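Chain by chain, the residues:
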Amino acid sequence: MYHHPIKVFTAAPCCTSSTVAVDTIMLGIGISPFAVSVVLVAATLLWLLRRYLAGGCCYSKARLDGKTVLITGGNTGIGKETARDLARRGARVILACRDLAKAEAAVADIREDTGNSNLAVVKLDLASLASVRECAEKINREESRLDILINNAGIMMCPEWQTEDGFEMQFGVNHLGHFLLTDLLLDLIKSSTPARIINVSSLAHAYAKMNWDDIQMRKGYNKRDAYGQSKLANVLFTRELSRRLRKIVSGVTVNAVHPGVVATELSRHVMKPGSLASRLISLIRYTPLVWVFKNPVQGAQTTIHCAVTPELLNTSGLYFSDCAPKEPSQHALDDDAARRLWDMSVEMVGLI
């Protein structure tokens, strides 16, 4: 049986006597009842804040026996926790990753934890269109079905790097690599209906716009703007793909998700190494102060919700946060921009 990973607070039956005991102890060391009350109130408020920051939860107990899932970047962070959850539900889970050693280690951990041996690894470097094509060819050749595709992998606020094919790294990895992978796997996905595609975006899309005149940001690179643009592209891609799938009555849905502010390796490029800001981020990530962020299990909940919840079987083209539909930015609702991005992406990845 699937057990939800986030504990729900319930008051102990003996909370009154416990409070009295604590009060007695505190008084015994010279602390007043008022101070005790302040401590208890503060602890309660901190717990409520932490529970709020944890965000929404996927409560569905749906099983995925007989279904196949492909997760990009499934070897770490929210991708790994998503893979763990879906494996626990009985799915065949394929981790598409750049680092095969880390992917195999993740598979071993998930297999031991869930008892599900139906796990596999496939090589995928989203910064290489050739690697994307090789991955898709292998999946199409070896898998008889693909029920759920989760485009989870990403890179965040990296230096001004380029992909193997000369694209700005964040746009190339976060959008173009997944755009091509999805297109190449779409026939297999359609043959497995009802099927779902989930694109992991970010709230960062709301503070971005498409830089149509310089999509690669060659005239002035800004890592935050580039990241925001790539996440906006995820939502626009979701919107246009959903429109095209509805047009052909495919039985395939596609939705975008914001996982929340999560303490994972994704933030490793955010600050300059050794800077005060970088040291502060490390302090927050690797000490008890991490409670201000979601942990990877909590960050995976919205992705899991969109992947398994039966009520979402016919829901498509939406943007989810904390396991609920949310309104994306006005730029993300621009159908003309969605079509323009689609046409541009087709040309850039060589699908013409």
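Placed above this text is the structure.
Presented here is a report on the structure given in the accompanying data block. Since we're looking at a predicted model, the values are computed, not measured. (Residues numbered from 1 in each chain as written. Predicted model: local features only at pLDDT ≥ 70, side-chain atom pairs only at ≥ 80, totals over all residues. Heavy atoms only, no water.)

## A look at the sheet that holds strand E5 (residues 195–200)
Let me state the cut-off plainly: Should DSSP find at least two bridges between two strands, the strands are taken to pair. Labels follow the DSSP assignment, with helices taken as runs of H or I lasting at least four residues and strands as runs of E lasting at least two, numbered in each case from the N terminus. Helix axes use the C-alpha atoms of the stretch in contact, all axes being lines fitted to C-alpha atoms, and the angles between their N-to-C directions lie in the range 0 to 180 degrees. Between two residues, a contact is recorded if the distance between any of their heavy atoms is within 4.5 Å.
Spatially, E3-E2-E1-E4-E5-E6-E7-E8 is the arrangement adopted by the eight strands of the open sheet, whose pairing is mixed. Looking along the sheet, the strands with just one partner apiece sit at the ends: strand E3 (119–123) and strand E8 (324–326). Strand-to-strand twist across the sheet, computed as the mean angle between neighbouring axes with direction ignored, equals 25°. Sheet topology places strand E1 (residues 68–72) next to strand E2 (residues 92–97); five bridges connect them, and they run parallel. Residue pairing across strands places Thr68 opposite Arg92, the latter belonging to E2. On the sheet, helix H6 (residues 169–190) packs against E1, strand E4 (148–151), E5 and strand E6 (252–258) and is oriented at approximately 175° with respect to E4. Against the sheet, helix H10 (residues 301–308) contacts E4, E5, E6 and strand E7 (319–321), and its axis sits at roughly 160° relative to E5.

## Describing the side chain of Thr238
Looking at the element boundaries, Thr238 is found in helix H7 (residues 223–247). Not counting residues within four places of it along the chain, the set of residues in contact with Thr238 comprises Asn199, Val254, Asn255, Ala256, Gly317 and Leu318.

## Considering the packing of aromatic side chains
Operational definition: Two aromatic rings, drawn from Phe, Tyr or Trp (for Trp, its six-membered ring), form a pair once their centres lie within 6.5 Å of each other, and the interplanar angle then sorts them: stacked below 30 degrees, edge-to-face above 60, tilted otherwise.
As enumerated under the stated definition, the model contains three aromatic pairs in all. These aromatic residues form a ring-pair network of at least three members: Phe179, Phe237 and Trp342.

## Section: the pairing of E4
For a regular strand, side-chain orientation follows a simple rule: the groups alternate between the two sheet faces. What counts, and what does not: Exposed residues in this analysis have more than 50% of their type's maximum accessible area, buried residues have under 20%, and partly exposed residues fall in between, with area computed by a 1.4 Å probe over protein chains only.
Alternating residues of E4 divide into Ile148 and Ile150 and Leu149 and Asn151, and every residue in both groups is buried. The pairing of E1 with E4 spans three bridges and is parallel. In the strand pairing of E4, Val69 is matched with Ile148. The sheet contact formed by E4 and E5 spans four bridges and is parallel.

## Here's the deal with the side chain of Ser242
On the secondary structure map, Ser242 appears in helix H7. Under the relative-accessibility criterion, Ser242 is labelled buried at 1%. Sequence-distant contacts of Ser242, that is, excluding residues within four places in its chain, are made with Val254, Ser316 and Gly317.

## Comments concerning unusual backbone geometry
Apart from glycine, the bulk of residues carry a negative phi angle, and the bulk of peptide bonds sit in the trans form. For the bond from Thr193 to Pro194, the omega torsion is 0°, close enough to zero to count as cis. With respect to the element layout, Pro194 can be found in the loop between H6 and E5. The phi dihedral of Met157 falls on the positive side, at around 50°, and the residue is not glycine. Considering the arrangement of structural elements, one finds Met157 in the loop between E4 and H6. Here Met157 falls in the buried class, since its relative accessible area comes to 13%. The phi dihedral of Met217 is positive, around 55°, even though this residue is not glycine. Considering the arrangement of structural elements, one finds Met217 in the loop between E5 and H7.

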